[in-house]
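Residue-level structural notes
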Amino acid sequence: MAPSNHEHTGLRRLNLPLPAQAALIHLMAWGGSLGLVLVAQHLQFSVTGFGLLLLQGALAGALSLLLGLPGWWLAINFGFFPLIGLALQLELDPAWYLLALGALLLTQFGALHSRVPLYLSSRQAKRELARVLPAQSGLRLLDIGSGTGALLAYLARVRPDLQLAGIESAPLLWLVSRLRLGQRAQVKFGDFRHLDLAHFDVVYAFLSPAPMARLWDKVRREMRPGSLFISNSFGVPGVAPDAVVELDDLNRGRLLIWRLT
Ligand SMILES: C[S@@+](CC[C@H](N)C(=O)[O-])C[C@H]1O[C@@H](n2cnc3c(N)ncnc32)[C@H](O)[C@@H]1O
């Protein structure tokens, strides 16, 4: 699920990044749950190890709700320690954890520094994007954070006249998109923050709220007048788009369109 635009609430006012807020919440939840277990023992109730983890999860979830963290952090904070407890009970070979970490790094590498994980543009987003693109043949379109290349593959099918490009920082996703797209699109491995946007008539982004302000500065500096910047769902703080296309998809997303002047 894509993160929402409403991240700046609750503990956010302390100006701490979300992972630091989550760490604080877990500390408080551990304090609370251990206190409750002591009270329970005093009252002759016994609490199992897994019961303690569930209690901690419930307190962490409740604190996340009270402090206004985004919904997906609420789920993470609720499930974090109970899931660790469950995984330990499965007694899996540690190599599986190493494998899972490797797969995560290979597919979510960009999320580590730019806080943009992988999720894909919906069918409606792809269709509407193709619909709003100018009819001009040979238009150069860049998908920044091109993921598995699904969006570019779609555009290559419905608009074979476009010159398509992508850039992706997660190694496995980049490889998948290269193999998938072949000559139909040029997909670079790297960080979009270091790519010059001046070469493109249209830049499409489906990222997260985190990079939008800086990305907008880059767009303004580099993109030529008349070119289009299109963001799926994530707005630019304080800058209204020139057009909005509502998407009837699961995320209730929107295409936000700016024409550079
Ligand atoms: C939400 S996905 C969008 C995928 C695709 N554009 C689509 O719309 O279906 C965002 C992608 O951006 C990549 N990404 C994150 N930060 C990046 C960066 N700084 N440079 C390049 N890619 C990045 C992530 O690895 C992820 O694959």
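Structure's up top.
I will try to describe carefully the structure that is included in this document. (Residues numbered from 1 in each chain as written. Predicted model: local features only at pLDDT ≥ 70, side-chain atom pairs only at ≥ 80, totals over all residues. Heavy atoms only, no water.)

The next point concerns the site of the ligand. The ligand sits among 23 residues. The nearest are S114, S121, D143, G145 and E168. Calculation on the ligand without its partners gives an accessible area of 600 Å², and the protein chains cover 100% of this total. At a threshold of 2 Å from the grid points, most atoms of the ligand map onto the largest cavity. Every element with two or more residues in the shell around the ligand is listed here: α4 (94–114) and β2 (163–168). It is α4 that provides the largest number of residues to the shell around the ligand, a total of three residues. Considering only residue class, the shell around the ligand consists of eleven nonpolar, nine polar and three charged. (Near = heavy atom within 4 Å. Areas by Shrake-Rupley, 256 points an atom, 1.4 Å probe, with all protein chains shown as cover. 1 Å grid on protein atoms, 1.4 Å probe; cavity = no way out; pocket = protein on both sides within 12 Å on 5 of 7 lines; lining within 4 Å. Sits in = over half its atoms within 2 Å of the grid points. Helix = DSSP H or I, 4+ residues; strand = E, 2+ residues; numbered from the N terminus. Nonpolar A, V, L, I, M, F, W, Y, C, P; charged D, E, K, R; others polar.)

Take empty space enclosed by the protein next. By the definition in use, this model includes one cavity of 30 Å³ or more. By volume, the largest cavity amounts to about 350 Å³. If you go around the largest cavity, you meet 32 residues; those closest to its centre are V116, G145, S146, G147 and E168. Broken down by secondary-structure element, the contributors of at least two residues to the lining of the largest cavity are α4, α6 (150–158) and β2. (Points joined across faces, edges and corners; volume = space filled by probe spheres on them.)

Three or more residues of helix α7 (residues 171–181) are buried, namely L173, S177 and L181. All buried residues of α7 lie within an arc of 50 degrees about the axis, which places them on one face of the element. One or two residues past the end of α7 sits G182, with phi positive at roughly 50 degrees. (Buried < 20%, exposed > 50% of the residue type's maximum accessible area, 1.4 Å probe, protein only. Arc of directions from axis to C-beta.)

Here the focus is unusual backbone geometry. Leaving glycine out, the prevailing phi sign among residues is negative, and the prevailing peptide bond configuration is trans. In this structure, Q44 is a non-glycine residue whose phi angle is positive, near 70 degrees. Note that Q44 resides in the loop between α1 (18–42) and α2 (49–66). Given a relative accessible area of 72%, Q44 falls into the exposed group.

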